[in-house]
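Structural characterization, general
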Amino acid sequence: MREMGDARADLASVLRFATELCAWVAAPWALAGWSVTAAVASVVLLIGLPTVFSTPGDKAQVIVAVPGGVTIALVLLQLVVAVAASWSAWPAWAAAPVTALALACLITERPRWRGLLAAARA
């Protein structure tokens, strides 16, 4: 049987991934009218940075090891981009749920972030 902590971690992962998907879709959508190159670059950065830079113990495969604070900053970047780009590119009825999703993600990520920061202090 799964423990409650595992269920919370699973929920946090689902919410984080859903918010990342929103950022990956909304950012290029918001930037495409200004620059197709910027739109493509936004997706490359939003997907590439967390793929390359990760905290040991937080991911199974680490390409470039970074402290927990960097991993937290990368998640915050995804959340901010998801919210800002969705409000820029989409109508309010589509952007509001993205904002709610990002807020829920902030709440569920807190235990993971405490662990990432505690590992950095140890």
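Shown above is the structure to which this text applies.
Below is a summary of the structure that appears in this document. (Residues numbered from 1 in each chain as written. Predicted model: local features only at pLDDT ≥ 70, side-chain atom pairs only at ≥ 80, totals over all residues. Heavy atoms only, no water.)

**Some points on the overall build of the protein**
A tally of helices and strands in the protein yields four helices and two strands. Helices and strands in the protein line up, N terminus first, as α-α-β-β-α-α. Whereas a compact globule of 122 residues would reach a radius of gyration of roughly 14 Å, the protein reaches 15 Å, a difference of no more than 12%. In terms of its C-alpha atoms, the protein occupies a principal-axis envelope of roughly 45 × 30 × 25 Å. For the protein, the proportion of its 122 residues judged to be buried stands at 33%. Counted over contacts in the protein with a minimum sequence separation of 6, partners at least 24 positions apart contribute 55%. As presented, the protein carries roughly 7,300 Å² of accessible surface, and 73% of it is formed by carbon and sulfur atoms. For the protein, the separation between the mean place of its 8 positive charges and that of its 6 negative charges on side chains is 6 Å. (Helix = DSSP H or I, 4+ residues; strand = E, 2+ residues; numbered from the N terminus. Rg over C-alpha atoms; globule rule 2.2 N^0.38 Å. Buried < 20%, exposed > 50% of the residue type's maximum accessible area, 1.4 Å probe, protein only. Contact = heavy atoms within 4.5 Å. Areas by Shrake-Rupley, 256 points an atom, 1.4 Å probe, with all protein chains shown as cover. Lys, Arg positive; Asp, Glu negative; His and termini not counted. Charge placed at Lys NZ, Arg CZ, Asp CG, Glu CD.)

**Observations concerning the packing of aromatic side chains**
A full pass over the atoms with the stated rule returns two aromatic pairs. Centroid distance Phe 17 to Trp 24: 5.9 Å. Interplanar angle 80°. Geometry classified as edge-to-face. Here Trp 29 and Trp 90 contribute two aromatic rings whose centre-to-centre distance is 5.5 Å and whose plane-to-plane angle is 80°, an arrangement assigned as edge-to-face. A residue pair is termed long-range when its members are at least 10 positions apart, and Trp 29 in helix α1 (residues 4-31) and Trp 90 in the loop between α3 (68-89) and α4 (92-121) qualify at 61 residues. A relative accessible area of 53% places Trp 29 in the exposed class. (Phe/Tyr/Trp six-rings, centres within 6.5 Å; stacked < 30°, edge-to-face > 60°.)

**Section: a nonpolar patch on the surface**
Together, Phe 53, Ile 63, Val 64 and Val 70 give the surface a local cluster of nonpolar side chains, amounting to about 310 Å² of exposed area. Its place among the elements puts Val 70 in helix α3. (Patch = residues over 30% accessible without salt bridge, like charges linked within 9 Å, V, L, I, M, F, W, Y side chains within 5 Å. Salt bridge = Lys/Arg side-chain N within 4 Å of Asp/Glu carboxyl O.)

**Examining the environment of Leu 49**
For Leu 49, the position within the fold is in helix α2 (residues 36-52). For Leu 49, a relative accessible area of 26% corresponds to the partly exposed category. Residue contacts for Leu 49: discarding those within four places in its chain leaves Val 44, Leu 74 and Leu 77.

**Looking at α2**
End to end, α2 covers 24 Å across 17 residues, agreeing with the expected 24 Å (1.5 Å per residue, within 8%). Buried residues of α2: Ala 38, Ala 39, Ser 42, Leu 46 and Pro 50, and no others. One side-chain oxygen at the N-terminal end of α2 lies 3.3 Å from the backbone nitrogen of Thr 37; it belongs to Ser 35. (Expected span 1.5 Å × (residues − 1). Polar contact = N/O pair within 3.5 Å; in protein donor to acceptor, adjacent residues only side chain to side chain.)

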